[in-house]
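Each chain, written out:
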Amino acid sequence: MKKTSLGTKGIDYLTLCYRIVKAKEKDEILQALKLIPLEDLGLEGLVLIMEPPWGDKEIFTLPFSNPELLKMAGETERRWRFTIELENTTLGHLIVLPSKSTKANLEKKKAWQIIAKILAASLEKIWKKKELSQKLQAMEKELLETVKELKKNKEIQATLMKRVAHELRTPLHSIIGFSQILKEERSKLPPHTQNCLNHILEKAKEMKETIEDITLLWEMKKEEEKLRIENTKLHPLVEDVLETLSPSILEKDLNLKRDIEVSYALLDRDKIHRALHHLLSNAVKFTPPGGKIGVEVKKTPGGIKISVWDTGTGIPPEHMEEIWEPFKQLEDPLTRKYQGVGVGLPLVRRIVTAHGGDIWVEQGECGKGARFVMIIPQPPRKIGGHDGRTNQDSGGR
């Protein structure tokens, strides 16, 4: 298109087209159109009718706000009417009104036809941007409402969790307390009653531990539970866990192996004790009578490695990720052989990751059993040496 002037005081066609193309907002297009010198061009006026894909029709007239001009654009035969369309979609109309004294000029009419096409492309770009912006705003609003609802639900869950835990702990404390009082008088009770009492006390303690696990898992998930890091003796820690499991180990005649090469480490003793207890109690639970279980504590670059292994039923490779999901059970709940609610391993992982460490499970040697490996990072030169190493084997501890 050659550089043809639109008038003595106005802009040329190329400048007009350039401004329309570069426009980022609808108002910038209208500002460019206002620079058209109607009188110099022999035009009575110009009407731009915009019909966005959504919303109401918009009408721009030049001269500005001239209702008579809109009426003339619909009636006069002298008008040049160009449809603003893109890909068979009508975006509006551009109507140019030559004055009565203006002679037909095909060159100028063709120029306005080109301007109409440029208007179509520019308006589509602006409207698509606006439509995308509106969609993003709607999505942001929906997201904020969802986050607000989730936050509210989490608060409700937290309140419910605390209330349920409290309501369950209260009767359990009474059951455990009265059972222990009766146990002190067990010599006066028949053997069958003593067995029932022992069973009640054992199951009540198991339920109490489950409640504590669920509560701790929830608190650690919300990062409400803080770690209490201290320089901890590892051999007494491991032995304390094994001592609590001693009756079950003896009952199943399991061969227990220990290999503790590290004396001290910086960690939260109570939480690592709970994690070890879960891993070792699982090893005892899933290992058949006469089998083997073991615990190892060794140095590893940047930390310590705690491993718990067994020769039990093992974990199928396809389920090695599922076991970390809260309340996940690999067995059918109606026919399962082993008890539990499925919070032990998720809690262990949460404890380890809270220490900045990692945990994973491997298949045991020769495809038997499983080996759980925990890595607990340690600051430089803070890991205990070999002076506290113990390497003991025992059968039926």
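Parameters and conventions
- Position labels on residues start from 1 in each chain and follow its written sequence.
- Local features are withheld for residues below a pLDDT of 70 in this predicted model, meaning they are given only at 70 or higher, and side-chain atom pairs are given and counted only at 80 or more; totals for whole chains, interfaces and linings count all residues.
- To get the side-chain values, take all heavy atoms of the structure and skip hydrogens and water.
- Each helix is a run of DSSP H or I of at least 4 residues and each strand a run of E of at least 2, with the numbering of both proceeding from the N terminus.
- A simple rule labels every residue: compare its accessible area, found with a 1.4 Å probe on the protein chains alone, to the largest value its type can have, and call it buried under 20%, exposed over 50%, or partly exposed in between.
- The contact rule is simple, with two residues in contact once any of their heavy atoms fall within 4.5 Å.
- Accessibility throughout is a Shrake-Rupley quantity obtained with a 1.4 Å probe, and a residue counts as covered only by protein chains that appear here.
- Think of a nonpolar core as a cluster: buried Ala, Val, Leu, Ile, Met, Phe, Trp, Tyr and Cys residues, connected wherever their side-chain atoms sit within 4.5 Å.
- For a helix, the expected span equals 1.5 Å multiplied by the residue count minus one.
- Each residue is assigned a bend, namely the angle between axes fitted to the seven residues that terminate at it and the seven residues that start at it.
- The criterion for strand pairing is that DSSP finds at least two bridges linking the strands in question.
- In this analysis, axes come from line fits to C-alpha atoms, helices being fitted only over the stretch in contact, and the angle between any two N-to-C directions falls in the range 0 to 180 degrees.
- Left-handed describes a crossing in which the near helix is turned anticlockwise from the far one by less than a right angle; the clockwise case is right-handed.
- Patch membership needs two things, relative accessible area over 30% and no salt bridge, and members are linked within 9 Å if like-charged or within 5 Å if nonpolar (Val, Leu, Ile, Met, Phe, Trp, Tyr).
- One speaks of a salt bridge when a side-chain nitrogen belonging to Lys or Arg is within 4 Å of a carboxyl oxygen belonging to Asp or Glu.
- Asp and Glu are treated as the negative residues and Lys and Arg as the positive ones, with His and the ends of the chain left uncounted.
- By convention, the point assigned to a charge is CZ for Arg, NZ for Lys, CD for Glu and CG for Asp.
- Polar contact criterion, stated in full: a pair of N or O atoms within 3.5 Å, where within protein one must be able to donate a hydrogen and the other to accept it, and residues adjacent in sequence count only if both atoms are side-chain atoms.
- The predictor attaches a confidence to each residue, and that confidence, scored 0 to 100, is pLDDT.

### Focus on the overall build of the chain
A count of helical and extended segments in the chain gives nine helices and 12 strands. When the 397 residues of the chain are sorted by exposure, 38% land in the buried category. The contacts in the chain between residues at least 6 apart in sequence include a share of 69% that link residues at least 24 apart. When the accessible surface of the chain is summed, it comes to about 23900 Å², and 53% of that surface belongs to carbon and sulfur atoms.

### Quick word on the environment of Trp309
Inspection of the secondary structure puts Trp309 in strand S9 (residues 303–310). A relative accessible area of 14% places Trp309 in the buried class. Through-space distance from the C-alpha of Trp309 to that of Ile293 is 5.6 Å; in sequence the pair is 16 residues apart. Aside from chain neighbours lying at most four places away, what touches Trp309 is Lys257, Ala283, Lys292, Ile293, Gly294, Val295, Glu296, Ala370 and Arg371.

### Section: unusual backbone geometry
Cis geometry marks the peptide bond from Leu62 to Pro63; its omega dihedral reads 0°. By the secondary structure assignment, Pro63 is in the loop between strand S2 (58–62) and helix H4 (67–75). With a phi close to 55°, Asp253 is a non-glycine residue in the positive phi region. Structurally, Asp253 is set in the loop between helix H7 (234–251) and strand S6 (255–260).

### Looking at the nonpolar core
In this structure, Leu234, Leu276, Leu280, Ile304, Val361, Phe372 and Met374 are the most contacted members of the largest nonpolar core, which totals 42 residues. Once residues within four sequence positions are removed from consideration, Leu234 is found in contact with Val262, Ser263, Tyr264, Ala265, Leu267, Val297 and Ile304. Ile20, Ile29, Leu41 and Leu123 belong to the second largest nonpolar core, which has 34 residues in total.

### Here's the deal with H7
In an α-helix, one turn spans 3.6 residues, which is why side chains three or four residues apart end up on the same side. Taking 1.5 Å per residue, 18 residues should reach 26 Å; H7 reaches 26 Å between its end C-alpha atoms and fits that length. The largest bend in H7 comes to about 55°, at Leu245, with the proline Pro247 one to four residues further on. Those residues of H7 lying buried are Leu234, Leu237, Val238, Glu239, Val241, Leu242, Leu245, Ser246 and Ile249. Those residues of H7 that are buried lie in contact with strand S5 (229–233), S6, strand S7 (264–268), helix H8 (269–286), strand S8 (292–300) and S9. Asp253 sits one or two positions beyond H7 and adopts a positive phi of about 55°.

### Remarks on the sheet that holds strand S3 (residues 80–86)
Taken in spatial order, the four strands make up an open sheet running S2-S1-S4-S3, and their pairing is antiparallel. Where the open sheet ends on each side, the last strands, each with one partner, are S2 and S3. Shown here is a sheet whose adjacent strand axes are inclined to one another by a mean of 15°, direction ignored. Note: S3 against strand S4 (residues 89–98), seven bridges, orientation antiparallel. For Arg81, the partnering residue across the bridge sits in S4 and is Ile95. Strands in contact with helix H2 (residues 26–34) are strand S1 (43–50) and S2; relative to S2, the strand with the most contacts, it is inclined by about 20°.

### Structural notes on the packing of H8 against helix H9 (residues 344–354)
Two elements in contact, H8 and H9, have axes whose closest approach is 9 Å; the angle formed by their N-to-C orientations is 145°. At the point where H8 passes H9, the crossing takes the left-handed sense. Together, Lys271, Ile272, Arg274, Ala275, His278, Leu279 and Asn282 of H8 and Gly344, Leu345, Leu347, Val348 and Ile351 of H9 make up the contact between the two elements.

### Details of the environment of Ala116
Among the structural elements, Ala116 can be located in helix H5 (residues 106–184). In this structure, the C-alpha to C-alpha distance between Ala116 and Cys17, residues 99 residues apart in sequence, is 9.7 Å. Leave out the neighbours within four places in its chain, and Ala116 touches Phe82, Ile84 and Leu94.

### Things to note about the pairing of S1
Remember that side chains alternate between the two faces of the sheet whenever the strand is regular. By the criterion of burial, S1 is predominantly enclosed, with seven of the eight residues buried. Note that S1 and S4 share seven bridges and pair antiparallel. Considered in S4, the bridge of Val47 is made with Ile95. Here five bridges tie S1 to S2, and the two strands are oriented antiparallel to one another. Within S2, the position partnered with Leu46 by the bridge is Leu62.

### Concerning a positive patch on the surface
A contiguous patch of positive charge on the surface is contributed by Lys22, Lys24, Lys125 and Lys129. Within the secondary structure, Lys22 is located in helix H1 (residues 13–22).

### Brief notes about the side chain of Gln378
Mapped onto the elements of the fold, Gln378 is located in the loop between strand S11 (370–377) and strand S12 (390–395). Residue classification places Gln378 among the buried residues on the basis of a relative accessible area of 8%. Side-chain polar atoms of Gln378 contact the backbone nitrogen of Leu266, separated by 2.6 Å.

### Description of the confidence of the model for the chain
Averaged over every residue, the pLDDT of the chain is 80; the share at 70 or more is 80%. A low-confidence stretch, residues 1–9 (pLDDT under 50), is modelled with 23 contacts involving residues beyond four sequence positions or located in other chains. Low pLDDT (under 50) marks residues 382–397, which in the prediction has 55 contacts with non-local residues, meaning those over four places away or in another chain.

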